[in-house]
Structure formats: structure tokens, C-alpha cells
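# Chains, contacts and geometry: an overview
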Amino acid sequence: MYISTRGNFEEVTASEAIRLGMVPTGGLFVPAELPSLSREEILEMQGKPYQETARRVMSLFLPDFLPEEINDCVEKAYNENNFDHASIAPLFRLDSHTYFLELWHGPTAAFKDIALQLMPHLLSLALQKAGVKRKIAILVATSGDTGKAALEGFKNVPGIKIIVFYPYGGVSRVQELQMTATDGFNTYAVAVRGNFDDCQNSVKEIFADEEFKKILAGKSYELSSANSINWGRLLPQVVYYFRAYLNLLEKKEIIPGERINFVVPTGNFGNILAGWYAGRMGLPINKLICASNENKVLTDFFQSGIYDRNREFKQTSSPSMDILISSNLERFLFEISNHCAGKINRWMTALKETGRFDVDTGTRQAMEQIIAAGFAVEEETLSAIEEVFETGGYLLDTHTAVGFKVYQKYLAATGDKSKTVICATASPFKFSSSVLQAIKGKDYLSGKDEFGILQELSRLSKIPVHPGLRNLEAKPVLHRTVCERKEIKAQVEKILGI
Ligand SMILES: *Cc1c(COP(=O)(O)O)cnc(C)c1O
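All of the points below concern the structure found in this document.

## Let's talk about the sheet that holds strand 14 (residues 420-424)
Pairing in this open sheet of 6 strands is mixed, and the strands run 3-4-14-9-10-13 from one edge to the other. Among the strands making up the open sheet, the edge pair consists of strand 3 (91-95) and strand 13 (371-375). When strand polarity is set aside, the average angle formed by the axes of neighbouring strands in this sheet is 25°. The sheet contact formed by strand 10 (residues 285-292) and strand 13 spans 5 bridges and is parallel. Bridging across to strand 13, Leu288 finds its partner in Ile371. Across the sheet, helix 11 (residues 231-250) is in contact with strand 3, strand 4 (98-102), strand 9 (260-265) and strand 14; its angle to strand 9 comes to roughly 135°. Packing against the sheet, helix 12 (residues 270-280) makes contact with strand 9, strand 10, strand 13 and strand 14, and its axis sits at approximately 175° to strand 10.

## Focus: the site of the ligand
By nearness alone, 14 residues border the ligand, and Lys112, Gly267, Asn268, Asn271 and Thr425 come closest of all. Within the contact set of the ligand, an oxygen atom lies 2.7 Å away from a backbone nitrogen or oxygen of Asn268. A distance of 3.2 Å separates an oxygen atom of the ligand from a polar atom in the backbone of Gly270. Relative to its free-state accessible area of 390 Å², the ligand is covered by the protein chains to the extent of 95%. Here the shell around the ligand is built from residues that sort into 5 nonpolar, 8 polar and 1 charged.

## Digging into unusual backbone geometry
Even without glycine at this site, His339 takes up a positive phi of about 60°. The topology assignment puts His339 in the loop between helix 14 (329-336) and helix 15 (341-354). Judged by its relative accessible area of 30%, His339 is partly exposed. One non-glycine residue, Lys462, adopts positive backbone phi at about 60°. Here Lys462 shows up in the loop between helix 20 (450-461) and strand 15 (482-484).

Rules used throughout
- Residues numbered from 1 in each chain as written.
- Predicted model: local features only at pLDDT ≥ 70, side-chain atom pairs only at ≥ 80, totals over all residues.
- Heavy atoms only, no water.
- Pairing = 2+ DSSP bridges.
- Helix = DSSP H or I, 4+ residues; strand = E, 2+ residues; numbered from the N terminus.
- Axes fitted to C-alpha atoms, helices over the stretch in contact; angles between N-to-C directions.
- Contact = heavy atoms within 4.5 Å.
- Near = heavy atom within 4 Å.
- Polar contact = N/O pair within 3.5 Å; in protein donor to acceptor, adjacent residues only side chain to side chain.
- Areas by Shrake-Rupley, 256 points an atom, 1.4 Å probe, with all protein chains shown as cover.
- Nonpolar A, V, L, I, M, F, W, Y, C, P; charged D, E, K, R; others polar.
- Buried < 20%, exposed > 50% of the residue type's maximum accessible area, 1.4 Å probe, protein only.

What follows is the structure, encoded as C-alpha cells:
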């Protein structure tokens, strides 16, 4: 069963937690009790494919789903049409203690595909189980990346329509084409004359509009969201922590039971939290290293015990980590304070009212045992890309480069020689301007458009352009609607036929 981090809701089944997305009275769903795997059970998964690990790990959390249902979700998500690598999440060895876990082989070239290719199928089943006859409308406001991953994940899933709003002229040309060229009978991408906040606020207003939700219910629709506050998006991420460990065992890089580190480029704290759950289930993890860019709220928090979002928001070359409120930290704090909902309520109220909270010494000590944290500034990030390319012949994207730099600092500070897996969260081609600038200098970019930059990066690295970004300029544009901010609700009505 699943419970609320704020102790304000009844226990629900896994399928209800996934269908509801978030606790309706505020708070996030977490498992009431965590399943575990013994050392033998973990070792038994060696030599088996990614899909088998996914079935094994996820079924422990989904008791109200049948094995064949879980199997069906796994096969629809993790196959050769969706991922351009048979291992789904292969491991690259940089040196005797550093490995990159490539989580970007899915259709949109970022790690979010691993969850968003699977979660729509779980949601679809969850609706069936609840006997919900209504159709679901997923509304997404995006600054670029999440929109495309959600469109691809929900495309052609029965009973669901997905509508993505993005700022007109506010996303890169590649990102825009990725979205406007999406096919599928149930996908909609709408450009809004406004910025990302306009999109996000309008979508939030629609979610809070009780009158509108009644009208939708009358037309047999309910609203849902696709971001990482939904347990269904977190769970598929637990799997690749196990797979990475098994991969190291299979290659005899580690011995059974050996503890390893994971470095996670972090924004909303979803990915690293999935790693924490893997550790709690029995995976031998030494440290989870939380890597931030210049928006280093989390580094400061893990070092001081004070979470303070009252600071300047910085735009960096790793935009998916430009975030000052990490939603999934709430789940982590609930877990390490032994399910103390009272503390969570206190901290989250303080965060809402003052933008800050501080945790007690006991909680701080519990955090320090498992988490190490650090950050990288812009110059460090770009020079990390250059360094790894020049010395290791391996190309990092900007987010992964933040992770690498933070690992170097951690290594220098601690001397910890544990084998370390760095989560590579995006393909370098997804952030090709910054990556090309890092290896060739800023002047090299002049006169090249985004497509020229992709080609040039491919030529220099001798790696083909990621399939999700290839030939984009030749794809037909299927979504052309541009609307004003105040027309967002009307667009939803029009698309849903209300
Ligand atoms: C979303 C994202 C992140 C941050 O992941 P969280 O789960 O939000 O912490 C890091 N890197 C890339 C490329 C992303 O798209």
C-alpha cells in the first residue's frame, strides 16, 4: 500500500497512487513498506536482460498488477523501436573506477524516456483497474525537454490525450521541431505567446478550476499530470541502478557485495531518490553523490541542513537542472526521518511560507551517511566536457559533465576509491551548441545553425547523430497552433471537444 508523506490521506493501492499522481490533499505517495532483495536474489539477476530486471524490481512495488500486465508494460516500453541500444542503459568504462551509465538511448535522447516510455502503460492499466470509464487528458507545461518525452511516451496510448504547451519562440529550434513533428492520434503541441511561467501558471489554474473539472467530468474526461511527483515515473528508474550494478558484476569489475557510488546530476531529486530506494532494497551502495549546477540549493542543504530557495535563479547550460524547489526531496526526508509526517508538514509549510526550512541534527546525520553533495560552475562544466573528450575520447552532455566535475571534487576531497557510476542523463547531441563550444571554443559556432552544429559534432566525435534528433528539419510539422496565454483553457476545450 501507499501512504502520504503528510499523513493526510488514506492508504491506497499502487494503481490508485499512480492514477491520482499526487495526494489530493497535498503530499506525495510513498510505499508504506519497502520490499527488499537478498544478496542471492540480486546475484540471480546477473546475465539477464534489462527487461527481466525491470519485471523483477517493479513487480515488488506493484502487487495489484498481474505479472502479465507488468510484462506487457515492459515489452511496450523497452524494445528496439524505442531504444537504439539493446541493453537499454549500457555502461561505458572511462577508467578503472569511473563508469558512465548511458540513460539517453530512448526516443528523445534524455533519461526521462526510461520512465516516460513505461509510465503511460501503467497509468492506462491503473484506470482500468479503478473501473474509470473516463478518458484522461494529460496537460503538460514545458520549457522544452519534458514536453517531447511526455508526447512520445503517451503517444497512441488508448484512453489518453496529451496536450503540451510550450513558450512560442522560447525553446530551441530542435526542441520545437521535436514537438511539432510528433505523430500519434492523441498528441497535441500548442505554442503559447508567453514564457514558460505563463504556460505553467495557466496549466496550474486549470488543475485548480473545480468548475472546469466538473464540465470535463460531464464530458467523461479527467485531468492528470506526467511529472516526477507521480510514483509511476519514479519506479522505472529504480531498475537501472540494479542493472548498472549487475553490469559491473558481469564484467568482473566488482565482486558480489562490493559497495559502489552513484553520481546523479540532480534537479527535481527524482533520479537520485530512485537510487536511494534501490539502496534501501539491498543494493550495495556506498554514497549517492548529488550533483548540482550553479543553482546549488541542494548542495547547500546537504552541507548545512538549511534549505533556502530565496536566491537568484540562474540560467545555465544544463537547463534541466535549473530548479530551486526539488519536489521529490519531500519523499526522501519522509523516508530518512522514519515516516515522521509531523516533521514533513512543518518543513513544507515553512518552505511554502518563507521559502526555507532547516532540519534537526538527527535528520542531518542520517542524510550525511548516504548522500554527498557538490556543484559545478559553468566554466568547470564546459572544461569537464573538453577534458573527457580530449583524454578519454568520450563525449559528455552538459548535465553529465556537471556530474563528472562534482565526482572529481568528491574524489579529491575524500580519496574514496569505490567504483563509481555517473548517470549520463542526456545525449551530448541534445545540448550540441554547448558541447561543441566546450570542445572547440565559442567562435567555432558562428555562422552555424542548430542542424549544422549537430552535423559538426557528429563529424568531430565520429558518433552518428542520436536517432531522435536526426533529419528533424525534414520531418513534416503536424502541430501548428499558436495561442495567447489567455486562450490556453479554450485550446484545451477545443482539443477535447467541449
Ligand atoms: C530532468 C533531468 C535531470 C534532473 O533529474 P531529476 O530527476 O529531476 O533530479 C538531469 N539531467 C537531465 C538531462 C534531465 O533531463
